[in-house]
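# An overview of the molecular structure
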Amino acid sequence: MQLNACLALAVTVIATACAVKSPYQQVLQHSRIRGRQQGPNVCAMQQIPGTDKKYFTNCKQWYHRKVCGKSTVISYECCPGYEKVHGERGCPSALPLTNLFNTLGMVGATTTKMYSDRAELRPEIEGPGSFTMFAPSNNAWSALPTEILDALVSNVNIELLNALHYHMVNRRLTSEDLKHGMAIPSMYQDFEVHIHHYPNGIVTVNCARLVKTDQHATNGVVHVVDRVITAITNTVHQTIETDDNLETLRTAVAAAGLTTLLESNGHFTVFAPTNEAFEKIPPETLNRILGDPVALKDMLNYHILNSIQCSEAIVAGTPMETLQGTVLEVGCDGSQLTLNGKAIISDKDHLGTNGVIHYIDELLIPDSAKTLLELGQDSTLTSAMTLFVDAGLNSYLTGSEPLTLLAPQNDAFKDTSLSVTPAVRKLLRNHVVKEQLTSKHLYHGQELETLEGLKLRVFVYRNSLCIENACIAAHDKKGRYGSLFIVDKVLTPPMGTVMDVLKGDSRFSTLVGAIQKAGLTEMMNRRGAYTVFAPTNEAFSAMPQGELNKLMANPRQLANVLKYHIGEEILVSGGVGSLSRLKPLQGEKLELSMKNSTVYINKVPVIEADMMATNGVVHAVGSVVQPLPAGASHEKR
């Protein structure tokens, strides 16, 4: 219903404001439509309780009623350029057009108006011309550190006047003219102010948000901003070079060869780890990365975006691509910026000529800079990683050999307790493949060689990707030298043919005798790809004795019954969907389904799945499988 309402509103916006182009104007139009029931020229605003922060609203924010994860309240105010008239609904009257100086008072920027008078700027902004003024709000002046404000007001004819001139441009620029990435010469020695106009409708100048826009005057336009801005002269690299809190980062940037990049023309966001952030990393990990130029460059690039993201532009979590190639989620929680959901940004919006720096107190290490052991430091893999280390595989997990680790989730061990015996050590070595892989490049029928020299088969199904009986349960992680595949089961490599598997399990002695009587022994031993639904001894015993005797006495009929239990391809349990079909060697297709982690074949439950063989897989069933009645199911795989 909300989606339909948004679509209907979008149609209204297009129909009523087809000339609207900028994101800000689109959001303003949405707020105007939301406020129209309150009267003409009323805009709906969302305010975070306990703060002075108000936002025009888009459709998503309107329904979620949240900004930076905090609930908002709706208020209604006159849209920019309009005012109330006593006794009338809404805001029917346009603000009177007057000069910039008087307009400052009309829009509530009274402190800027007062300082303009003190600095003798008043004649200039009352007189002829065409100016744009980014006027700090009263709260913006109050938020200035006392020593800075005292320095300004103690020298009004130079420092204060220069500061006010830096907030001015010598031509009229409406919000529609303020394009993303613009750098505009100010009226203070042509030092540039930096404009960013974001897709969510927020507009900033030097990372200060425009909170009231397009307040027209006879000699220009006023935009009220939420902070006092200062002239920008340094690149982001020069800021890193001169800040003692970033000494370790400075050394790392030089070692990784990123100095030229951060000095170049561009639009960067640097999440700059402080010295303290580096100190939190275990020394052996930090020294390894600092000594590896490839890993170091990857790690630092993971802290850099190829766009400028001022803190005021972030109102919800947004995935953003880093220079390293993977994504950081940049979001907010109240007044705090977050990275990947963590409030680790300690200082915001240090703007340079080519970007912005946000200081962070935790180092971000991407997967591409990690060893296999570090990739596996996940709460869902603790059991497997402990076993791999205890089995003496630590040198592989921390070394530089290209490998892929198949790491079972903790849930794979819930019904078993493994101690590291020689057999278990061999099993764990078969979870390590002798090349670095990505799951995207795996294909059906591919063979992967393990440390033990065993060849593991890859099975590709409609909704799953499996290596032997273990299916990939999460996105793989590609580290510096190795890749980590998180799998749902402990891998059980094939140790013989289907016939070997059946002979090695006393539960199938009746089935083994039946296979031999039916003349299928050779087939079950030869190379192939079979899925065998193997009735246990109890399954045969449950048949009427006369029927069983008759079946066993007729090799041809017995062969047909057994072939109905054998599929023509390998299907492990992880490849079974809610409803699948498998063609048997004899008869109509078998119908498989998965319910509550149990596989069913023609409605018969599998009591043990995934006994792997070199030429197939065996699933134990407690009943002889019978064809389903005609019409029992019409769904297809």
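Residues numbered from 1 in each chain as written. Predicted model: local features only at pLDDT ≥ 70, side-chain atom pairs only at ≥ 80, totals over all residues. Heavy atoms only, no water.

### Quick look at the sheet that holds strand 16 (residues 304-305)
- One open sheet accounts for four strands, arranged 16-15-21-20; its pairing is mixed. Among the strands making up the open sheet, the edge pair consists of strand 16 and strand 20 (345-352).
- Sheet topology note: the strand 20/strand 21 (residues 355-360) ladder contains five bridges and is antiparallel. Of the residues in strand 21, the one forming a bridge with G352 is G355. (Pairing = 2+ DSSP bridges. Helix = DSSP H or I, 4+ residues; strand = E, 2+ residues; numbered from the N terminus.)

### Things to note about the pairing of strand 8 (residues 131-136)
- Of all the six residues making up strand 8, six are buried; the element is thus mostly covered by neighbouring parts of the structure.
- Of the two faces of strand 8, both are covered, the one formed by F131, M133 and A135 as well as the one formed by T132, F134 and P136.
- Pairing of strand 8 with strand 14 (residues 220-225), which is carried by six bridges, proceeds in the parallel orientation. Looking at strand 14, one finds that F134 is bridged to H223.
- Bridge analysis of strand 8 against strand 9 (residues 168-169) gives two bridges, and the strand direction is antiparallel. If you follow M133 over to strand 9, its bridge partner there is M168. (Buried < 20%, exposed > 50% of the residue type's maximum accessible area, 1.4 Å probe, protein only.)

### Focus: the pairing of strand 21
- The buried fraction of strand 21 amounts to six of the six residues, a majority that puts the element mostly inside the structure.
- Hairpin remark: strand 20 followed by strand 21, antiparallel, with two residues in the connecting loop.

### Some words on the nonpolar core
- Grouped together as the largest cluster of nonpolar side chains are 51 residues, with contacts concentrated most on F134, V205 and L339.
- Discounting chain neighbours no more than four positions away, the residues touching L339 are F271, L328, E329, V330, I344, I345, I360 and L364.
- Residues L502, I515, I566 and V624 belong to the second largest nonpolar core, which totals 30 residues. (Core = buried A, V, L, I, M, F, W, Y, C linked by side-chain atoms within 4.5 Å. Contact = heavy atoms within 4.5 Å.)

### Topic: helix 5 (residues 110-118)
- Looking only at helix 5, the buried set comprises T111, T112, Y115 and S116. One side of helix 5 holds all its buried residues, which, seen down the axis, span an arc of 140°.
- Contact partners of the buried residues in helix 5: helix 4 (100-106), helix 6 (122-126), strand 8, helix 7 (138-142), helix 8 (146-153) and helix 9 (156-166).
- Residue E120 follows helix 5 closely and has a positive phi angle near 60°. (Arc of directions from axis to C-beta.)

### Things to note about the sheet that holds strand 22 (residues 403-408)
- Taking strand neighbours across the sheet as the criterion, the four strands line up as 23-22-29-28 in an open arrangement whose pairing is mixed. Among the strands making up the open sheet, the edge pair consists of strand 23 (432-433) and strand 28 (477-478).
- Across two bridges, strand 28 lies against strand 29 (residues 482-487) in antiparallel orientation. Residue pairing in the sheet places K477 in a bridge with L484 of strand 29.

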